[in-house]
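Residue strings, one per chain:
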Amino acid sequence: MSNTKIVENTEHEMIRKSVRALCERFPEDYWRETDEKDAYPTAFVQALTEEGWLSVLIPEEYGGAGLGMTEACIILEEINRSGGNSGACHAQMYTMGALLRHGNEDQKRRYLPKIASGELRLQAFGITEPTAGSDTTSIQTFAERVGDKYVVHGQKIWTSRAAHSDLMLLLARTTPKDQVAKKTDGLSLFILDMKEQADKIDIRPIDTMINHATTEVFFEGAEIPVENRIGEEGKGFRYVLGGMNAERILIASESIGDGMYFVDKAVQYANEREVFGRPIGKNQGVQFPISKGYMDIQAAKLMRDKAAEMFDAGMDCGAEANMSKYLASEATWRAANAAMDTFGGYGFAKEYHIERKFREARLFIVAPITNNLVVSYVGQHVLGLPRSF
Ligand SMILES: Cc1cc2nc3c(=O)[nH]c(=O)nc-3n(C[C@H](O)[C@H](O)[C@H](O)COP(=O)(O)OP(=O)(O)OC[C@H]3O[C@@H](n4cnc5c(N)ncnc54)[C@H](O)[C@@H]3O)c2cc1C
């Protein structure tokens, strides 16, 4: 692997500029309005799909751009830096990993070209369950093999975008936990056609602090043909792990985009706002938290770049992916607070947009994995400290 890039290449600069140009068509008022109405940003997702940005990870032979994780990171980072929220569509990028790496040729030919063209949406990722929480191997949703199909019963929670997706990447038990040698065995990964099985799936929206189109999903005998199982039965957990690394690196990128949004906004406001006859940014009490936020975000970005580069090189990047998500979300949360302080009372006024971003940025400390779990992963798997659970 080459050393992490210091200067971005021209292709990356071009991607940044093009995504920025697209985002200018969806200014902050657009996001404020969708947030207030709790509405899905359909026009934005459509524009992103039409310009091909959502399918960059799909190889050219299946209709995508055939780019790598680094390029995908740049796209999501720019969306969030512009004031937008990639949460509306980011899953299409990370769910792709499992299909690309572990799907068979038939599955790739059936789904990838339609996903690339926007005809099919793969925006839902069904992992989390109410009773299992962070303990993924304790999920109970069960897919029972009946002839040439699986019949699914159970419940997922926090399945974002389920109402705005045609397909769901679903992790379910195919062998009960008490009948497997290793708790990570007996889980299988499926592509579930939610539109086709709509009468056996109940999707209930959850009212949340941010506009995230997240839901509870109940499976009441939903059927999945055997040819829609990804890889071998019982090995699904290891297939989602690769996808989870992609998810963490991409989420770190969104978080970095949010962080730079807060820094950009705070710098501009601190230079413009005059109190006591001088710009508030002249006061080091205002200036230093913004500078510190910027430095922390730049450091997190280096870890994100390293993780993305390792992912693209096919290397094991579990530690780097987790660390980049942790560092980015914590750095951005500090920058978010610096921006709130800089804006004073106006930070709370919706027309300044800071409060919306503040709510959105908080999510990444909790999802897709809580930072406690990341710290525990590093303790146990990177440093060799004793296992605590
Ligand atoms: C808006 C939103 C969107 C989401 N979208 C999706 C999605 O699309 N698909 C999906 O599958 N999931 C999704 N999630 C779920 C998310 O991944 C989980 O919320 C997250 O993994 C934490 O699980 P939990 O909420 O059950 O928390 P819990 O597991 O109940 O944890 C609660 C708290 O206890 C701590 N804790 C628990 N055990 C330990 C331990 N052993 N050591 C230290 N601390 C511990 C946690 O760190 C956390 O702080 C989403 C969540 C939200 C809020």
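As the structure is a prediction and not an experimental result, all values here were calculated from the model.

Conventions used here
Residues numbered from 1 in each chain as written. Predicted model: local features only at pLDDT ≥ 70, side-chain atom pairs only at ≥ 80, totals over all residues. Near = placed C-beta within 6 Å. Nonpolar A, V, L, I, M, F, W, Y, C, P; charged D, E, K, R; others polar. Domains from an automatic or database assignment. Helix = DSSP H or I, 4+ residues; strand = E, 2+ residues; numbered from the N terminus. Expected span 1.5 Å × (residues − 1). Buried ≥ 20, exposed ≤ 12 C-beta atoms within 10 Å, placed from the backbone. UniProt positions renumbered as here; feature names shortened; annotations may be inferred. Core = buried A, V, L, I, M, F, W, Y, C linked by C-beta atoms within 7 Å. Contact = placed C-beta atoms within 7 Å. Pairing = 2+ DSSP bridges.

Draft legend 1. Up close: the site of the ligand. Residues in close proximity to the ligand total 22 residues, the closest being Gly133, Ser134, Trp158, Thr370 and Asn372. Among the residues making up the shell around the ligand, the classes are represented as ten nonpolar, twelve polar and no charged. Counting contributing residues per domain, the shell around the ligand is built from domain 2 (124-234) and domain 3 (238-382), each supplying no fewer than three.

Draft legend 2. Representation of helix α9 (residues 318-343) within the structure. For α9, with 26 residues, the first-to-last C-alpha span of 37 Å sits near the 38 Å given by 1.5 Å per residue. Counting buried positions along α9 gives 19 out of 26 residues, so the element sits mostly inside the fold. Gly344, located one to two residues past α9, shows a positive phi value of around 55°.

Draft legend 3. Expanded view of the UniProt feature "domain: Acyl-CoA oxidase/dehydrogenase middle" (unreviewed entry) in the protein. Under the UniProt annotation, the feature "domain: Acyl-CoA oxidase/dehydrogenase middle" (unreviewed entry) is placed at residues 124-220. Between the end C-alpha atoms of residues 124-220 there is a gap of 18 Å, over a span that is 0% helix and 47% strand.

Draft legend 4. Focus on the nonpolar core. Counting residues in hydrophobic clusters, the biggest one holds 107 residues, and the most contacted among them are Ala72, Ile75, Phe190, Leu192, Ile249 and Leu250. Here this core takes 17 residues from helix α7 (residues 236-272), the largest share from any one element. Setting aside anything within four residues of it in sequence, one finds Ile249 in contact with Met69, Cys73, Arg304, Ala307, Ala308, Phe311, Ala321 and Ser324.

Draft legend 5. Up close: the pairing of strand β7 (residues 214-225). With eleven bridges connecting them, strand β3 (residues 149-160) and β7 associate as antiparallel partners. Opposite Val151, over in β7, you have Glu223 as the bridge partner. Bridge count between strand β6 (residues 201-205) and β7: five bridges; the pairing is antiparallel. Across the sheet, Arg204 pairs through a bridge with Glu216, a residue of β7.

Draft legend 6. Geometry of the environment of Leu112. Summarising the element assignment, Leu112 is placed in helix α6 (residues 105-117). Classification of Leu112 by C-beta neighbours within 10 Å gives buried; the count is 24. Along the backbone, Leu112 and Met323 are 211 residues apart, and their C-alpha atoms lie at a distance of 30 Å. Excluding anything up to four places from it in sequence, Leu112 contacts Ile58, Tyr62 and Gly63.

Draft legend 7. Fine view of the UniProt feature "domain: Acyl-CoA dehydrogenase/oxidase N-terminal" (unreviewed entry) in the protein. In this numbering, the UniProt entry assigns the feature "domain: Acyl-CoA dehydrogenase/oxidase N-terminal" (unreviewed entry) to residues 10-119. Structurally, residues 10-119 comprises 65% helix and 0% strand, and the distance from its first C-alpha atom to its last is 31 Å.

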